[in-house]
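Analysis of the macromolecular model
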Amino acid sequence: MTDSPDPTPLVLLHGLGQAPMAWEDVIVPLYPSRRLLTPWVPGLKPTDKERVTVADAAAKLDTDLMLEGMQAVDLGGQSYGAVVATRLAADFPERVRRLVLIAGLVRPPRALMKMQLRMLKMMPASRLADSSVSKERLLHTLDIVRNIDLTDALPKITAPTLVLIGSKDVANRSSAQALASGIPGAQLREVPGAGHQVNVEQPKALVEILREFLD
């Protein structure tokens, strides 16, 4: 009798306004079943000094995964993390076995970006710091997000892909539909009771969805 091979490692990328700890309620139930990694998304760590484009963030993560000995991973991302995950899966398809995109974007709606920028500027930096998030980093990244267009990247993705959107996340529903229609063979699924931050608002439901899709 031979031992079964280890499951593919799972890498989860947090969104804007989040830190890696935003995945805590998702990864704790999954720890016994596979290796897990929840890194800072390059450019969002409070100690980062320079702006990091989406392509550069994806390339750095690819290098980091290689250094971790992860030749192939299951990759998930929330919001901006989903944007970086999309880019990584398109630019380094051999690295991604399966892909889960939560509240992702192809091209950000202008009205939504203006609203997010206005809200962020009004928010005290100390409030964000309590969650290990830098207001300066977020403002820099929002400036990058405004010009994102992943349309040409989507057909390059070869990994089986699940696109998730919270049932209450009306503002990003069209983006989820664009992702699902642009990525070959992608599935689109709503998460009942969730808004934009599915990993925080409905972690138990997300765990079950991940288990079903990844196993």
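Below: a short report on this structure. Please read all numbers here as calculations on a predicted model, not as lab measurements. (Residues numbered from 1 in each chain as written. Predicted model: local features only at pLDDT ≥ 70, side-chain atom pairs only at ≥ 80, totals over all residues. Heavy atoms only, no water.)

A word on the overall build of the protein chain
Assigned secondary structure in the protein chain consists of 9 helices and 6 strands. Considering the protein chain as a whole, with its 215 residues, one finds that 50% of them fall into the buried category. Counting contacts in the protein chain only where the partners sit at least 6 residues apart, residues at least 24 apart contribute 75% of the total. When the accessible surface of the protein chain is totalled, it reaches about 10,700 Å², and 53% of it is carbon and sulfur. (Helix = DSSP H or I, 4+ residues; strand = E, 2+ residues; numbered from the N terminus. Buried < 20%, exposed > 50% of the residue type's maximum accessible area, 1.4 Å probe, protein only. Contact = heavy atoms within 4.5 Å. Areas by Shrake-Rupley, 256 points an atom, 1.4 Å probe, with all protein chains shown as cover.)

Examining the environment of Ala176
As for its placement among the helices and strands, Ala176 is situated in helix H7 (residues 173-182). As a C-alpha pair, Ala176 and Leu101 span 75 residues in sequence and 8.6 Å in three-dimensional space. With near-sequence residues (within four places) excluded, Ala176 lies in contact with Val163, Ile165 and Leu188.

A few points about helix H3 (residues 80-91)
The end-to-end C-alpha separation of H3 is 17 Å, in line with the 16 Å expected for 12 residues at 1.5 Å each. For H3, the tally of buried residues reaches 11 of 12 residues, placing the bulk of the element in the interior. Of the positions making up H3, those classed as buried are Tyr80, Gly81, Ala82, Val83, Val84, Ala85, Thr86, Arg87, Leu88, Ala89 and Ala90. (Expected span 1.5 Å × (residues − 1).)

Digging into the pattern of salt bridges
Within this structure, the stated rule accounts for 10 salt bridges. A salt bridge links Asp215 to Arg34; the shortest N-O distance between them is 2.9 Å. Of this pair, Asp215 sits in the segment after helix H9 (203-214) while Arg34 sits in the loop between helix H1 (24-30) and strand S2 (36-37), placing them 181 residues apart in sequence. The class for Arg34 is buried, based on a relative accessible area of 10%. Between Glu212 and Arg189 there is a salt bridge, with the nearest N and O atoms lying 3.5 Å from each other. Of this pair, Glu212 sits in helix H9 while Arg189 is found in strand S6 (residues 187-191), placing the two residues 23 residues apart along the sequence. Here the salt bridges do not stand alone but share partners, grouping Arg34, Asp74, Arg97 and Asp215 into one network. (Salt bridge = Lys/Arg side-chain N within 4 Å of Asp/Glu carboxyl O.)

Notes on the sheet that holds S2
As a general point, the strands of a sheet are linked pairwise by backbone hydrogen bonds and lie either parallel or antiparallel. The parallel open sheet is built from 6 strands, whose spatial order is S2-S1-S3-S4-S5-S6. Each edge of the open sheet carries a strand with a single partner, namely S2 and S6. Examined bridge by bridge, strand S1 (residues 10-13) and S2 share 2 bridges and lie parallel to one another. Opposite Leu10, over in S2, you have Leu36 as the bridge partner. (Pairing = 2+ DSSP bridges.)

What to know about unusual backbone geometry
Although it is not a glycine, Ser79 sits at a positive phi angle of roughly 60°. Here Ser79 shows up in the loop between strand S3 (73-78) and H3. By relative accessible area, which is 15% here, Ser79 ends up buried. Here the phi dihedral of Ala103 falls at roughly 55°; this positive angle occurs in a residue that is not glycine.

A closer look at the nonpolar core
Ranked by size, the top nonpolar core spans 42 residues in total, and within it Leu13, Leu75, Tyr80, Val84 and Leu99 carry the most contacts. Going through the elements one at a time, S1, helix H2 (54-67), S3, H3, strand S4 (96-102), helix H6 (135-145), strand S5 (161-166) and H7 are the ones with two or more residues in this core. Of all the elements, H3 adds the most residues to this core, at 8 residues. Among the nonpolar cores identified, the runner-up in size contains 20 residues, and Ile27, Ala194, Val198 and Leu206 belong to it. (Core = buried A, V, L, I, M, F, W, Y, C linked by side-chain atoms within 4.5 Å.)

Some thoughts on the packing of H2 against H3
As a packed pair, H2 and H3 sit with axes 8 Å apart at the nearest point and diverge in direction by 70°. As judged from the angle between their axes, H2 and H3 are roughly perpendicular. Contact residues: H2 offers Val54, Ala55, Ala57, Ala58, Leu61 and Asp62, while H3 offers Tyr80, Val83, Val84, Arg87 and Leu88. Along the lines of polarity and charge, the residues of the contact of H2 with H3 split into 9 nonpolar, no polar and 2 charged. (Axes fitted to C-alpha atoms, helices over the stretch in contact; angles between N-to-C directions. Parallel < 35°, antiparallel > 145°, perpendicular 65-115°, else oblique. Nonpolar A, V, L, I, M, F, W, Y, C, P; charged D, E, K, R; others polar.)

By themselves, these observations are geometric and do not establish any function.
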